Structure formats: C-alpha cells, structure tokens
Amino acid sequence: MDEINEGLSEVECDILVIGGGTAGPMAAYKARKKNPDAKVILLEKANVKRSGAISMGMDGLNNAVIPGHSTPEQYTKEITIANDGICDQAAVYKYAQNCYSIIEELDKFGIRFQKDENGEFDVKKVHHIGTYVLPMPNGDTVKKALYRQLRRARVLISNRFMATRLLTGKTGRIAGAISVNTRTGEFLVIKAKAVIMCTGAAGRLGLPTSGYLFGTYENPTNSGEGYTMAYHAGAKLANLECFQINPLIKDYNGPACAYVAGPLGGYTANANNERFIECDYWSGQMMQEFHNELVSGKGPVFLKLNHLHKDTADHIEEILHTVERPSRGLFHEGRNTKYSDKMIEMHISEIGFCSGHSASGVFVDDNALTTIPGLYAAGDMASVPHNYMLGAFTNGAIAGEHAVDYINDLDFDDFDQEEIVREKERVLAPTKREDGIPPNQIEFKIRRLVNDYLQPPKVTKKYELCQDRLAEIREDMEQNMVVRDSHELMRATETSSILDCADMAAFASLYRKESRWGLYHNRIDYPERDDDNWKCHVLLSKKDGNMVCEKRDIQPYIIPIAEEEKDMYDKQRVAVEA
Amino acid sequence: MPLVNNPTSVPVTVDEKKCIADKGCRVCVDVCPLDVLRINDLTNKAYMKYDECWYCMPCEADCPTDAVTVNIPYLLR
C-alpha cells in the first residue's frame, strides 16, 4: 500500500456526491429514493462508515424546528438576527419548514430523540429567542444507521478517493470531477450530469494552540477541498470573512458544550466564578465577549458545572464522554479534572470556514444550487448560516431531490480533456522530485502564519503581510514540495487547499471594510458595523485567474425583523448590577 | 536538502497479542478517517504509521478484539 501508481480510469454517473459525512449520504440516499434508476456515486476521501464531522455520532440536534416548540418563522428570524442581518432567508426558511420531516425520517432509521414523560420531544432552550435543542440518547449510532440506508438504497460508494478539481463543461454546466486514490495515487475521472459537494468545513486553516496539526476542532479530514474546488471551477463563495471561531476545552480542542450543559444549568464563567455572557449559544457576538474576558484580568474562561448537584454534573460528563468526541473523558482523566469538582479551562479555537456555525460557505440558493448550473453544495461548506448537523441532513436531502429533477432529459456536458492532463500534472508534481520540502512543513508554516496574522481582531497591515508571506509559500509549494508515497500525496493536495483557503480568508476579510459578526469579523481599522455600505453579501470568485470580490444584495426578507429585534444578539454581556 | 525522520510518540497503540490482522482483519485500517493505520509487513499486525490523529476513536470502538487503544496525543495531554 501507498506506492504511487499513475493509472487513470473514467466512469460515468447521473449524480456525483462528493463527501460521505453528513449531508452527502443524505443527498445520495434521497436522490436514489426519488429516482431508483439514477446512477448515484458517493465519493469519500476516508470511509463512509466513519467519515466526517459526526464520525462518532452527535449528542443532539442544535436547531430542530419542531411543531409546538417553535415555528419556521421564528427560527428564520432568530438566524437572521444571529447572523447580523446577512441572510437570504429563503434557504433558512425552507430548511426550517423541512427539518421536522427529516427528524421523523432519522427516527425511522433508528436514531432516537429524547422524549419527555408525555412522549413529546424534549426540546431545550439554548438560543436567545427560541427553543430548538433536542438531545439524541443513542447519537453514537448515527453513522451506522446512515450506512445501512445507503446500502439498502444501493448507492455506489467509492471510499478513499479524494476529489481534487471539478470539471465544467463547454456550455458552462458542471461535467464531473477529477479524483485521486489516497492509497495508490491512481486517478479516477467521474463524468456526471449533476455534482453535489458535501465536503465539510475548512477545518485545517488555523493551527490549534497545542501546535499539533491534527488537533483541530473540526475533523481534520475536512481541509477545505470543497471551497477550493468551487473557487477554481468559477463558483462564487459567500462571506468567507465571517470566520468560524468556537469556545472549546483548552488543548483538547473539543466542544465544551453549551448545548448539552446549558439546559442543565452549566455555563461559561471567568476566573472569579462569575457568569459574564447571557447566552452560551455560539455566535460571533458571544465569541467577542469570550475574547474580551480572556484578554481582561478576569480570564481565563471556564466551563462551570461544579455548582450543580453531583448527579447532574456526572450526567453531563457521561453524555460528553460517549458521543461526538468520546476521547474527552480520557483527556480529563489525564488532567485529573472531574466536572463536579472544578471548573474546566476553555479557550478560543483556531479559525476556519464553516457555515454550520457561522456563515462562510459556497454561495447557494434555497435549492442548494451554487452559481454553476448542476453544481450543488450542502452542509458545513454551503452558505446557509448556523446550519449544524440537521441543516446538513436537510439541505443534503433538498440537493439530492432537486438534482434528480435537474438531470431529467439532460446529457453529459463535454469538457476539455486537457483539463485532466493538467490536473494530473499538478497533483503529481511533488512525486516527480527527488528532493524538497515535505507537505507537513509547508502546512505547518501556512497555518502558523494564519494564526499570527489572520486570527481576529483583524489588522489591515498584518493581513497584507500575511498575503506576501503566503505568496512566498505558494512558490515553495509549487516548486519544491516533495512526497514519497500516496499518503503524503493526499496531504500535499490538502496543503494546496489549505493555502487557497488562507488566501481567500485574507482577501475576503480585507474587502469588507467594517466590523460585523462580533469576533468573526472584528476589524480594528473599521471598528463599527456599517449597515449603509455593508449590509450585503460579499461574494468571492476567480475571474481571469485572479481572486475578486463583489457585493451582492440580500434578498428581501420573507420574515420581517423589527427595529428593536435586530440587535438582540449584541446584548451578550451580563449587566453589571448597580 | 535531505529529509530526516523526527521521532514522535504516537497516540494509537495496538496489542499485538489481541490483533487479528494476520487473519485478514482490516477494520481499524478501514475506518480511520485520517488513514494513519497500516499493517506491519513483518508481524502482520496493525500499527500507527503516521502521527496524524484526531483521537476520534473509531479504530478503538470498532476493533473486534479490543486490541486498539487511543491515547490523547502528547502535545495536548
């Protein structure tokens, strides 16, 4: 294994789904359900059985809109406010209307949701306005349940293939993708009538404070290929300057987690045991207060559970140590920290792109369609804000079903065969050198610079310096990167995605000359929010080989936001008592 | 510039007495999202080849003989 074989083969399908984590399996499943004759390929860099952000499951739904507890109108309003008004509501509203049917479907798959003594869904309040958090008592079984459905629906699964570039056809439609096997270096070209990208966040952008390259908040397999592929194919990407930054358990770098601990009485506290934020829901405004506390004399910041009854603290511990990131228990064991005894030190995560928590994603409409005909995106990499796991499932389903209609009576679009030759040459270049710099060193340097220069608060001069340094690294990467086997080749290809994402993060941030979304886009040189000039999307794309940004109007709101409601997420700090 | 190997203490360990990779088992190698586990050519047992671990646990959870242990990487511990 791991020797580089330069083979190339080609297959055809109706719908290609790239990424087998959360949104991808649902997209593929729904496409097959709607049209059992459609040939659907699910391409996955790892193995669908255990891939993506939820490889070990999830402790609950963070944004469930359940009749009797909340309404699609209320949810749409909440997310619009949480995202500082930058929101095409149609996609959020459609999600909110559809997510309950997805919950029912997941329930049928065998994924149980917590019910109260009356048999009603036991929904908890974590957000500012509405009630949307639903625990999943057997959330560790999600991936197994999904895999069973994929097999049943006879989706064609190709594991250990990493897509590197999309193919666009001569009429401007999507035509397929080029991929490389991560264990053999063999290329697979997949011609497709529609492509659904579900490749997750760009989670390997900043460097965790531990210095360990793979100790990221996101699953480090999610290195931003979706963002990079969309960019090079000419699709538009939205609001990349709205970074993802999360409050995490320090060093372990996993969620603390407000959605589990909050409803049971846990909260975020400073070193004086004081609560300082009103609402632990992860928003940029909340992260700004977290940052303020960290740099004040009252830091660091802690997860506080030791005031709770021991049974409650132990119950929270049990949930947090069995799903999503189950090695959390091992970490605390090593540190001798029990939740019931003392507060747990927290810290700010590295930056990334992830619409699932913030809003940085490939620009999509309410059908999950990007700006390229036939190319869809869903989940953490698509621009629907604050979307989480249920958003990935729901929008994946929307994409899968829409794609089935789209391909009806459609033939493959022709593409330039030279593109394959060029891409093969680009990817394999590091294998042709005897000597040079290995991808892990290049990756470390990019991510260290991202931390030094791009981590908010954002300073214009630092951003410009970063762009210069990244350009130097690009030259090293293109001229000198060397790999010795196909595993390193995968890392090298990821490194090139990480560098593209770092460039995009810097460029988009410099374009938006205001501050917005709390810490996510806190620009020291433009400290105020400027609704007159910047209450709009910023779309980034590639034009004539160069990175460009443009403003895009927000679609007229479907659910109006009253003047007194629009700043509700700004009032995060606990008021000082007179 | 020649390459050298830096020593690193890896987080995933395999109990070779319990591991049945020599009987053809590939579960841990298959499920690892980061693809860092391999089979040793000499012993025919699984081992961690690349120190690129998310300490996410599928290798340990899915191992049919409880041969795999995931530790927290030293830098985070």
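Higher on the page you've got the structure.
The following refers to the structure shown. Remember, it's a predicted structure, so these values are computed and weren't measured experimentally.

Definitions and cut-offs
- Residues numbered from 1 in each chain as written.
- Chains lettered and ligands numbered in written order.
- Predicted model: local features only at pLDDT ≥ 70, side-chain atom pairs only at ≥ 80, totals over all residues.
- Heavy atoms only, no water.
- Pairing = 2+ DSSP bridges.
- Helix = DSSP H or I, 4+ residues; strand = E, 2+ residues; numbered from the N terminus.
- Contact = heavy atoms within 4.5 Å.
- Axes fitted to C-alpha atoms, helices over the stretch in contact; angles between N-to-C directions.
- Expected span 1.5 Å × (residues − 1).
- Buried < 20%, exposed > 50% of the residue type's maximum accessible area, 1.4 Å probe, protein only.
- Salt bridge = Lys/Arg side-chain N within 4 Å of Asp/Glu carboxyl O.
- Parallel < 35°, antiparallel > 145°, perpendicular 65-115°, else oblique.
- Left-handed = near helix turned anticlockwise from the far one by under 90°.
- Nonpolar A, V, L, I, M, F, W, Y, C, P; charged D, E, K, R; others polar.

By definition, the strands of a sheet pair up through backbone hydrogen bonds, in either a parallel or an antiparallel sense. Residue and element names in this part refer to chain A. The strand order across the open sheet built from four strands is S14-S9-S16-S17, with neighbouring strands paired in antiparallel fashion. With one partner strand each, in any of the chains shown, strand S14 (361-362) and strand S17 (546-552) form the two edges of the open sheet. Sheet analysis places strand S16 (residues 537-543) next to S17, joined by seven bridges and oriented antiparallel. Across the sheet, the residue bridging to valine 538 is lysine 551, located in S17. Across the sheet, helix H14 (residues 486-511) lies against strand S9 (237-238), S16 and S17, angled at about 40 degrees from S17, the strand it touches most.

Residue and element names in this part refer to chain A. Look at helix H10 (residues 388-407): 28 Å from first C-alpha to last across 20 residues, which is about the 28 Å you get at 1.5 Å a residue. Burial analysis of H10 places 16 of its 20 residues in the buried class, the great majority of the element. Phi turns positive one or two residues past the end of H10, at aspartate 409, with a value near 65 degrees.

Tallied over the entire structure, the rule returns 46 salt bridges over all chains. A single network of salt bridges, built from pairs that share partners, joins Asp84(A), Glu241(A), Arg512(A), Glu514(A), Arg516(A), Arg529(A), Asp531(A), Glu563(A), Lys566(A) and Asp567(A).

As a further point, take the packing of helix H1 (residues 23-34) of chain A against helix H4 (residues 142-152) of chain A. All names here are of chain A. Where H1 contacts H4, the two axes come as close as 10 Å, and the packing angle between them is 30 degrees. With respect to H4, the element H1 is oriented roughly parallel. As H1 packs across H4, the resulting crossing turns out to be left-handed. Side by side, H1 and H4 meet where Pro25, Ala28 and Tyr29 of the first sit next to Leu146, Gln149 and Leu150 of the second. Among the residues making up the contact of H1 with H4, the classes are represented as five nonpolar, one polar and no charged.

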